[in-house]
2 protein chains.
Amino acid sequence: MWGIIATWVMAKDGIDKASKLLNDNSSCKEALLAAIKDVEDNPDFWSVGYGGLPNEDKEVECDAAYMNGDNLKVGCVGAIKDIANPIEVAEHLSHEDLNNFLTGDGAKKYAIEKGFMERDMLTQKAINAYEEKKKFSKPYRGHDTIGCIALDSNNSMCAGTSTSGLFMKRKGRIGDSPLIGSGYYADSLIGGAAATGLGEDIMKKCMSYEIVRLMSEGYSPQKACEKALLSYSTKLKGDCSLIAMNNKGEFGAATNIDDFSFVVATQNLKPTIYRVSRITDHSELYLPDEKWLSDLLAHI
Amino acid sequence: MWGIIATWVMAKDGIDKASKLLNDNSSCKEALLAAIKDVEDNPDFWSVGYGGLPNEDKEVECDAAYMNGDNLKVGCVGAIKDIANPIEVAEHLSHEDLNNFLTGDGAKKYAIEKGFMERDMLTQKAINAYEEKKKFSKPYRGHDTIGCIALDSNNSMCAGTSTSGLFMKRKGRIGDSPLIGSGYYADSLIGGAAATGLGEDIMKKCMSYEIVRLMSEGYSPQKACEKALLSYSTKLKGDCSLIAMNNKGEFGAATNIDDFSFVVATQNLKPTIYRVSRITDHSELYLPDEKWLSDLLAHI
């Protein structure tokens, strides 16, 4: 069984590509990198990679991470600037024995040393959007991080994230996305999870670690997401949306916002967009109608 | 009941000060800051704050974090340069609504903006030690982070860490110390925990979150540390030493190295140094003898 799941509708094209790779027996790593790079490279997505909204100093600073579920090896970059694909740097860092989590100029220095492509990540469109948003918006509290879990037909799993973070964030700010156990987690013997939302709150409950831990106790991905979110909600209010997949390709999601979406594909399910709504103490997954999809595409 | 516990013998003077504060009804925050600042300010400690060993670029980059156990609010700095007391910046950040985790130049910018003292953290002694160590040492894998948990007589708890990180670390590298749930955790309703060791491994199992979670299930601090370490050891080999205190002032510790030490004081126990040794599947706490203490002091 193979499977892949990622946060938000923006992941749809990437999951299309990744599911073809998995179906052709590619590794979960190759599939996950393809899915996340597709989102990073798209200048129409304001919250990830190229074309992401800048920080208070008008710099695009990106966070990304990669976790190998076979051996728990991890690579993380925080507040990295002017590197085209932060997820690739994170994956590369996961092979190092030490210094797996690099930030700021140190992360960029490493990326250049290893030959990763430099790119001015700030687009004119993002500058325009920034100026427009600044007029009427509070610092952006939304959460359009791409978080992704992949399972390949060799039963290996991995997790990854990529984001340009909070709108108008402070220079050097990092959220939950590069933090292992908070924004993502994967253990090939159990499953994986990822979170998107207000990083400052998500990290306080190690949400992704907790979901995987609950799956190790026998909870389904859906129940594990719901149970972790219930515990979160006793103390925290920041936006929090969760996805999970276990090592059988079963998946689940939960959210404390009105309208969360994710994309999933498995050996038995073609790439499919789901919407998720919070309903008192559980989350309901359902297929979007045509109007919702066309409105969304028009908005992008 | 009040109590305070911190990693390594270097915390002894700080715990002396902090325990007096707690005995005079000071808050856990005041006590913890006093304990950690004492270690940060001491140029004889090569692994924390002023006089810390520099990174590969000969810069002293520090990590620190503060967590308020009453509301889970957290402040974290990663790879911050030339600020005298990283723990104070972290505590200040814990009062912000957003942008609680700042790294590199962004963290320094925030610290200066808020009026924190700048200081050239690199001492001649540290330069000499660096040059000497470079000749015969592999990048330092030891772990002399200060991690501290405090409980005050109002039943509030907090956790904090401070470190200059791995010897010869890469520029921008951060370890487990600023990562919530990995290097530290505190929940006043349960207890707190802190870790010291190879950050790159400790973060893979969210060790401090896991210990507090186990205490919430009813485990004593000692059993919680041992159980978390057993789970860690199934997959990971990096040095890992753990301390915990619950909200009754009971404490525990575990380690996978030969000789770990910590300092603890409570309403009923004057500041006391303990040594910890790994013995198959559990850890044994015992009081050091005079020779061990005098050898250690001679070494510092």
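Above this text sits the structure in question.
Quick summary incoming for the structure in this document. Computed from a predicted structure; not experimentally measured.

**Observations regarding the sheet that holds strand β7 (residues 184-187) of chain B**
Whenever strands of a sheet pair, they do so through backbone hydrogen bonds, lying parallel or antiparallel.
All names here are of chain B.
Point 1. Overall, antiparallel pairing links the four strands, which are arranged β7-β8-β9-β10 in an open sheet. Single-partner strands in this sheet number two, and they are β7 and β10 (251-255). Direction aside, the axes of adjacent strands within the sheet are offset by 10 degrees on average.
Point 2. Inspection of the sheet shows strand β8 (residues 191-197) paired to strand β9 (residues 240-246) by seven bridges, in the antiparallel sense. Residue pairing across strands places T196 opposite S241, the latter belonging to β9.

**Here we look at the sheet that holds strand β8 (residues 191-197) of chain A**
Residues and elements named next belong to chain A.
Point 1. Strand order in the open sheet made by the four strands is β7-β8-β9-β10, with antiparallel pairing throughout. Looking at the sheet topology across the chains shown, the edges are occupied by β7 (184-187) and β10 (251-255). Going across the sheet, the axis of each strand differs from the next one's by a mean of 10 degrees, ignoring polarity.
Point 2. In this sheet, β8 lies alongside β7 in antiparallel orientation, the contact comprising four bridges. Bridging across to β8, D187 finds its partner in G191.

**Points about the pattern of salt bridges**
Point 1. Under the defined criterion, the tally for this structure stands at 42 salt bridges over all chains.
Point 2. A salt bridge links B:D16 to B:K12; the nearest nitrogen and oxygen atoms lie 3.1 Å apart. Highlighted residues: B:D16 and B:K12, both in helix α1 (residues 12-23), separated by four residues, approximately one helical turn.
Point 3. The residue B:K81 makes a salt bridge to B:E59 at a minimum N-O spacing of 3.2 Å. With a gap of 22 residues between them, B:K81 in strand β3 (residues 74-81) and B:E59 in the loop between α2 (28-41) and β2 (61-68) connect regions that are remote in the sequence.
Point 4. The network of salt bridges with common partners includes A:E56, A:D57 and B:K109.

**Looking at the packing of aromatic side chains**
All names here are of chain A.
Point 1. Inspection of every chain in the model, using the stated rule, returns 15 aromatic pairs over all chains.
Point 2. Ring geometry for F262 against Y274: centres 5.3 Å apart, planes inclined by 15 degrees, an arrangement best described as stacked. One end of the pair, F262, is in strand β11 (residues 260-266); the other, Y274, is in strand β12 (residues 269-279), with 12 residues separating them in the sequence.
Point 3. Looking at Y274, the relative accessible area reads 16%, which means it is buried.
Point 4. Through successive ring pairs, a cluster of aromatic residues spans W8, F251, F260, F262 and Y274.
Point 5. Above the face of the Y50 ring, R119 is positioned so that its terminal group lies 3.5 Å from the ring centre.

**Notes on helix α4 (residues 104-113) of chain A**
Residue and element names in this part refer to chain A.
Point 1. Among the residues of α4, G104, G106, A107, Y110 and A111 are the ones counted as buried. Taken down its axis, α4 places every buried residue within 165 degrees of arc, on the same side.
Point 2. Buried residues along α4 sit in contact with β3 (74-81), α3 (86-93) and β4 (101-103).
Point 3. At the C-terminal side of α4, G115 shows a positive phi close to 85 degrees.

**Structural notes on the relation of the copies chain B and chain A**
Point 1. With an RMSD of 0.0 Å, chain B superimposes on chain A once it is rotated by 180 degrees and translated 0.0 Å along the axis. Those values place the two copies in the arrangement expected of a two-fold rotation axis. Minimal C-alpha separation from the rotation axis in chain B is found for B:G104, amounting to 3.1 Å.
Point 2. Taken as a fraction of all interface residues of chain B, those also at the interface in chain A reach 100%, which identifies the copy contact as same-surface.

**Some remarks on the state of the cysteines**
All names here are of chain B.
Point 1. In this structure the tally under the stated criterion is zero disulfides over all chains.
Point 2. C158 provides the cysteine sulfur closest to C28, a residue in no disulfide bond, and the two sulfurs are 3.6 Å apart.
Point 3. As a non-bridged cysteine, C225 has C240 as the owner of its nearest cysteine sulfur, 9.2 Å distant.
Point 4. A relative accessible area of 0% means that C225 is categorised as buried.

**A look at the side chain of A:T255**
Residue and element names in this part refer to chain A.
Point 1. Here T255 shows up in strand β10.
Point 2. A relative accessible area of 0% means that T255 is categorised as buried.
Point 3. Side-chain polar atoms of T255 contact the backbone nitrogen of I257, separated by 3.1 Å.

**Structural notes on the interface of chain B and chain A**
Point 1. At the interface, 46 residues of chain B touch 46 residues of chain A.
Point 2. Both sides of the chain B and chain A interface together cover about 4100 Å² of buried area, and 58% of this is carbon and sulfur.
Point 3. Per-residue buried area on chain B facing chain A is highest for B:L98, B:R170 and B:K204; these three make up 17% of the total on that side.
Point 4. Where chain B meets chain A, there are eight salt bridges.
Point 5. Here B:D57 ties to A:K109 by a salt bridge, and the two come within 2.8 Å at their closest N and O atoms.
Point 6. At the boundary of chain B with chain A, the tally comes to 20 residue pairs in polar contact (both at pLDDT 80 or more).
Point 7. Taken together, the elements giving at least two residues each to the side of chain B that touches chain A come down to β3, β4 (101-103), α4 (104-113), β7 and α7 (207-216) of chain B.
Point 8. When residues of the side of chain B that touches chain A are assigned to their parent elements, the largest contribution, six residues, is made by α4(B).
Point 9. Taken together, the residues of the side of chain B that touches chain A break down into 19 nonpolar, seven polar and 20 charged.

**Considerations on empty space enclosed by the protein**
Summary: where empty space remains is shown by rolling a probe the size of a single water molecule over the atoms.
Point 1. Counted by the stated rule, this structure contains three cavities of 30 Å³ or more.
Point 2. Approximately 160 Å³ is the volume found for the largest cavity.
Point 3. Lining of the largest cavity is provided by 18 residues; of these, A:G104, A:D105, B:T103, B:G104 and B:D105 occupy positions nearest its centre.
Point 4. Secondary structure elements with two or more residues in the lining of the largest cavity: β3 and α4 of chain A together with β3 and α4 of chain B.
Point 5. Taken together, the residues of the lining of the largest cavity sort by class into two nonpolar, eight polar and eight charged.

**Section: the packing of helix α7 (residues 207-216) of chain A against α7(B)**
Point 1. Direction vectors running N to C along α7(A) and α7(B) enclose 55 degrees, while the axes themselves pass 11 Å from each other. Taken together, the axis directions place α7(A) and α7(B) in an arrangement best described as oblique. Crossing hand, α7(A) versus α7(B): right-handed. Counting all contacts with α7(A), which are made through A:Y209, A:E210 and A:R213, the residues of α7(B) involved are B:Y209, B:E210 and B:R213.
Point 2. Partitioning the contact of α7(A) with α7(B) into residue classes produces two nonpolar, no polar and four charged.

How each quantity is defined
- Residues numbered from 1 in each chain as written.
- Chains lettered and ligands numbered in written order.
- Predicted model: local features only at pLDDT ≥ 70, side-chain atom pairs only at ≥ 80, totals over all residues.
- Heavy atoms only, no water.
- Pairing = 2+ DSSP bridges.
- Helix = DSSP H or I, 4+ residues; strand = E, 2+ residues; numbered from the N terminus.
- Axes fitted to C-alpha atoms, helices over the stretch in contact; angles between N-to-C directions.
- Salt bridge = Lys/Arg side-chain N within 4 Å of Asp/Glu carboxyl O.
- Phe/Tyr/Trp six-rings, centres within 6.5 Å; stacked < 30°, edge-to-face > 60°.
- Buried < 20%, exposed > 50% of the residue type's maximum accessible area, 1.4 Å probe, protein only.
- Lys NZ or Arg CZ within 6 Å of the ring centre and 35° of its normal.
- Arc of directions from axis to C-beta.
- Contact = heavy atoms within 4.5 Å.
- Least-squares fit on C-alpha atoms with pLDDT ≥ 70 in both.
- Disulfide = S-S within 2.5 Å.
- Polar contact = N/O pair within 3.5 Å; in protein donor to acceptor, adjacent residues only side chain to side chain.
- Buried area = accessible area lost by both parts, 1.4 Å probe.
- Nonpolar A, V, L, I, M, F, W, Y, C, P; charged D, E, K, R; others polar.
- 1 Å grid on protein atoms, 1.4 Å probe; cavity = no way out; pocket = protein on both sides within 12 Å on 5 of 7 lines; lining within 4 Å.
- Points joined across faces, edges and corners; volume = space filled by probe spheres on them.
- Parallel < 35°, antiparallel > 145°, perpendicular 65-115°, else oblique.
- Left-handed = near helix turned anticlockwise from the far one by under 90°.

Shape descriptors only; they carry no functional weight alone.
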